[in-house]
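Residue-level structure breakdown
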Amino acid sequence: MNLVVVNKITELREIIKQYKKEGKTIGLVPTMGCLHKGHASLIKKSSQTCDITVVSVFVNPVQFGPNEDYDKYPRTLESDRQLAAENGACLIFAPSAAQMYPGMLKFSDITMVAPPFKLVDMMCGKSRTGHFDGVCTVVTKLFNIVQPDYAFFGMKDIQQLYIIKKMTADLNIPVEIVPCPLVREESGLALSSRNTYLSDADKKSALSISQSLFTIQNAVKNGIIDTKKLFDTAMAVMDRNVEPEYIEFVDRETFEPVEQIDRPSIAAIAARVNSVRLIDNILIGD
Ligand code: PAF
């Protein structure tokens, strides 16, 4: 099947209507473009699960803070198109900001979807005020536009995934959220579109982020379950050019912070390398 790029909401709706009439299942992979192997795994999973896979490519202005990288975020539609096609997508939905937010002059002009405060008053939400409101708003809009049966999200953005699952359940949105495993480079570095900002030297330093998570995982396997000790173990392997923003430990089911790893949990890190903000996480305590 040839891949079609659609920019207009009305056009996409017509195409989806036809597919639904034919009884086809729809999978959505929401992205901001600059697709890499992590996205490829989501698209592949969607095309194995659904008849039709739609990849949205939209750098969503309302999830970026005023001092963040909205303007410089890489826009690479031509290579995105190729990667999406190779992994079985049928459609790319690549709207303009004006299509998605017509007449928007400022954030306060649009209806926003806000997740519960306790889920944003932690981890990435602490430093990225309003970020998850922006994510929930655009994801809700994409769900309403595409009306997918399934939507595929990577576990690298673990807080985002948890918040989207909660939002979908709380708002009774009829879509099944499919979590997909985090994908790493052979070196261990978690794949991210923001890795394109890193020099070779930065990448070397950034490796200590995943190394610190592997160290935590090994320590838990060796019986260390106190998160204060695990925090110190992680910090001990962090490269001096890495500035950690947080290392947090949460329950995998409830996303509540934990002090002891005595249940399935997640260790999550956000850190800056040469001002590039990276996130990573690992499952522990099984
Ligand atoms: O994870 C992302 O790339 C974005 O936050 C998402 C889910 C596409 C919403 O803009």
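See the structure shown above.
On a predicted model such as this, the values are computed, not experimentally measured, just so you know. (Residues numbered from 1 in each chain as written. Predicted model: local features only at pLDDT ≥ 70, side-chain atom pairs only at ≥ 80, totals over all residues. Heavy atoms only, no water.)

When helices and strands are tallied, the protein shows 10 helices and nine strands. A compact globule built from 286 residues should have a C-alpha radius of gyration of about 19 Å, and the protein, at 19 Å, falls within 12% of that. With the principal axes as the frame, the protein shows a C-alpha extent of 55 × 40 × 40 Å. For the protein, with 286 residues in total, the buried portion stands at 51%. Partitioning the contacts of the protein with sequence separation of at least 6, the portion at a separation of at least 24 is 71%. Summing over all exposed atoms, the protein offers an accessible surface of approximately 14000 Å²; the carbon and sulfur share of this is 50%. With 32 positive and 34 negative side-chain charges, the protein shows a separation of 2 Å between the mean positions of the two kinds. (Helix = DSSP H or I, 4+ residues; strand = E, 2+ residues; numbered from the N terminus. Rg over C-alpha atoms; globule rule 2.2 N^0.38 Å. Buried < 20%, exposed > 50% of the residue type's maximum accessible area, 1.4 Å probe, protein only. Contact = heavy atoms within 4.5 Å. Areas by Shrake-Rupley, 256 points an atom, 1.4 Å probe, with all protein chains shown as cover. Lys, Arg positive; Asp, Glu negative; His and termini not counted. Charge placed at Lys NZ, Arg CZ, Asp CG, Glu CD.)

Quick look at the site of the ligand now. Taken together, Pro30, Thr31, Met32, Asn60, Gln63, Val135, Val138, Phe153, Asp157 and Gln160 are the residues near the ligand. In this structure, an oxygen atom belonging to the ligand sits 2.6 Å away from a side-chain N or O atom of Gln63. Measuring from an oxygen atom of the ligand, one finds a side-chain N or O atom of Gln160 at 2.7 Å. For the ligand, whose accessible area on its own is 290 Å², the fraction buried by protein is 88%. Mapped onto the shell around the ligand, the elements with two or more residues apiece are strand 2 (26–31) and helix 7 (131–146). Classifying every residue of the shell around the ligand gives five nonpolar, four polar and one charged. (Near = heavy atom within 4 Å. Polar contact = N/O pair within 3.5 Å; in protein donor to acceptor, adjacent residues only side chain to side chain. Nonpolar A, V, L, I, M, F, W, Y, C, P; charged D, E, K, R; others polar.)

A word on unusual backbone geometry. One non-glycine residue, Phe255, lies in positive phi territory at about 65°. Of note, Phe255 is situated in the loop between strand 7 (242–251) and strand 8 (265–273). A relative accessible area of 3% places Phe255 in the buried class. The backbone phi angle of Ser275 is positive, close to 70°, even though this residue is not glycine.

Picture the strands of a sheet paired through backbone hydrogen bonds; they go either parallel or antiparallel. The parallel open sheet is built from six strands, whose spatial order is 1-4-3-2-5-6. Either end of the sheet is taken by a strand with one partner, and the two such strands are strand 1 (4–6) and strand 6 (176–180). On average, each strand axis in the sheet is inclined to that of its neighbour by 25°, with strand direction left out of account. Two elements, strand 2 and strand 3 (residues 52–57), share six bridges in a ladder whose sense is parallel. By the bridge assignment for strand 3, Thr31 is matched with Val57. Sitting on the sheet, helix 3 (residues 77–86) is in contact with strand 1, strand 3 and strand 4 (91–93), with an inclination near 145° to strand 4. Across the sheet, helix 8 (residues 158–170) touches strand 5 (150–154) and strand 6, and the angle it forms with strand 6 is around 165°. (Pairing = 2+ DSSP bridges. Axes fitted to C-alpha atoms, helices over the stretch in contact; angles between N-to-C directions.)

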